[in-house]
Amino acid sequence: MRKGLSWFNTTSIVLGFTFLYLPIVLLVIYSFNASRLVTVWAGFSVEWYWKLFQNQQLLDAAWVTLRVAFLSASIATVLGTLAAIALTRYGRFGGRMLFSGMVYAPLVMPEVITGLSLLLLFVAVNFDRGFWTITLAHITFTMCFVSVVVQSRLVTFDRSLEEAALDLGCPPFKTFFVVTLPIILPAVISGWMLAFTLSLDDLVIASFTTGPGATTLPMRIYSQVRLGVTPEINAACTILIAIVTVVVVIASIITKRQEVERQKAERLAAAG
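Residues numbered from 1 in each chain as written. Predicted model: local features only at pLDDT ≥ 70, side-chain atom pairs only at ≥ 80, totals over all residues. Heavy atoms only, no water.

Before going further, it helps to spend a moment on the overall build of the protein chain. Helices and strands together make up the secondary structure of the protein chain, namely 11 helices and 0 strands. For the protein chain, the N- to C-terminal ordering of α and β elements is α-α-α-α-α-α-α-α-α-α-α. Judged by the C-alpha coordinates and their principal axes, the protein chain covers about 70 × 60 × 35 Å. Taking the contacts inside the protein chain whose residues are at least 6 apart along the sequence as the reference set, 72% of them involve residues at least 24 apart. Surface exposure of the protein chain reaches about 16500 Å², of which carbon and sulfur atoms provide 70%. Averaged over its 19 positive side-chain charges, the protein chain has a centre that lies 5 Å from the centre of its 14 negative ones. (Helix = DSSP H or I, 4+ residues; strand = E, 2+ residues; numbered from the N terminus. Contact = heavy atoms within 4.5 Å. Areas by Shrake-Rupley, 256 points an atom, 1.4 Å probe, with all protein chains shown as cover. Lys, Arg positive; Asp, Glu negative; His and termini not counted. Charge placed at Lys NZ, Arg CZ, Asp CG, Glu CD.)

Here is the structure:
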């Protein structure tokens, strides 16, 4: 049996990554274009970044987007983690099927339906649309992703560690924060990162649930792109890509360190 990648597999991988990342690379390159025409290269320049930071509308939209993403991701991480614990630890309780379906429904539900249903809900309860309605909508559709990530870690969790702590007199509440949470923390961080990225990227649901003074960056970019792509849009997208990349790298480093520390602690416990 031949080892290594065949020419077909290598070609497929190269074409696949080229298809995925070449448009992003071109966008970043043309964000430094000196020409106003985004398809004509006229030399290197950072002029459009300077003009971007003078565009108050884009700056306001970016600030709204970051606040919504951070707040919704944080709340969704807490709720998604609790939902994962309930589904993993408490077996068959009354209404488990309904609860599980409600948690995972946004995974398969088209965003148009989710956005429209949330819009109808906010109108029915006479809730003024704006920053908080977007935040609630993003919590609703990102919580399920956090739940899936954390639940996958809890399924393989060694509960004997918790039982040992309980046998030694540690209260259940403290056991969770001292034993359980540090072990599942990489999954929790990954869930937060995923929720944060999905919130930054959302356009459809935010369009349905937005209100006056709560325009997110994807909405602002989409409204301007319909009139033509400008180098400022390329610069804004490049900064957004950089932010997501930094978040991914930091989360990966933290997750890796947590995993190394966990494996080290398990080896020490086994040796002792």
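After that view of the structure, there is still more to cover.
Let us now look at the confidence of the model for the protein chain. Of all residues in the protein chain, 97% have pLDDT values of 70 or greater, and the mean over the chain is 84. Per-element confidence in the protein chain ranges from a low mean pLDDT of 78 for helix α11 (residues 231-271) to a high of 91 for helix α9 (residues 204-209). (pLDDT = per-residue confidence, 0-100.)

Examined against the element boundaries, T81 turns out to sit in helix α3 (residues 56-89). A residue is classified by how much of its surface remains accessible, and T81, at 6% relative accessible area, is buried. C-alpha of T81 to C-alpha of V188: the two residues are 107 residues apart in sequence and 7.2 Å apart in space. Not counting chain neighbours up to four residues away, the residues in contact with T81 comprise V146, V150, I184 and V188. (Buried < 20%, exposed > 50% of the residue type's maximum accessible area, 1.4 Å probe, protein only.)

Here the focus is the packing of α3 against helix α10 (residues 217-225). For any two helices packed against each other, one specifies the crossing angle of their axes together with the interaxial distance. At a minimum axis separation of 7 Å, α3 and α10 run at an interaxial angle of 145°. Every residue of α10 that contacts α3 at Q57, L58, A61, A62 and T65 is listed here: L217, P218, R220 and Q224. Here the contact of α3 with α10 is built from residues that sort into 5 nonpolar, 3 polar and 1 charged. (Axes fitted to C-alpha atoms, helices over the stretch in contact; angles between N-to-C directions. Nonpolar A, V, L, I, M, F, W, Y, C, P; charged D, E, K, R; others polar.)

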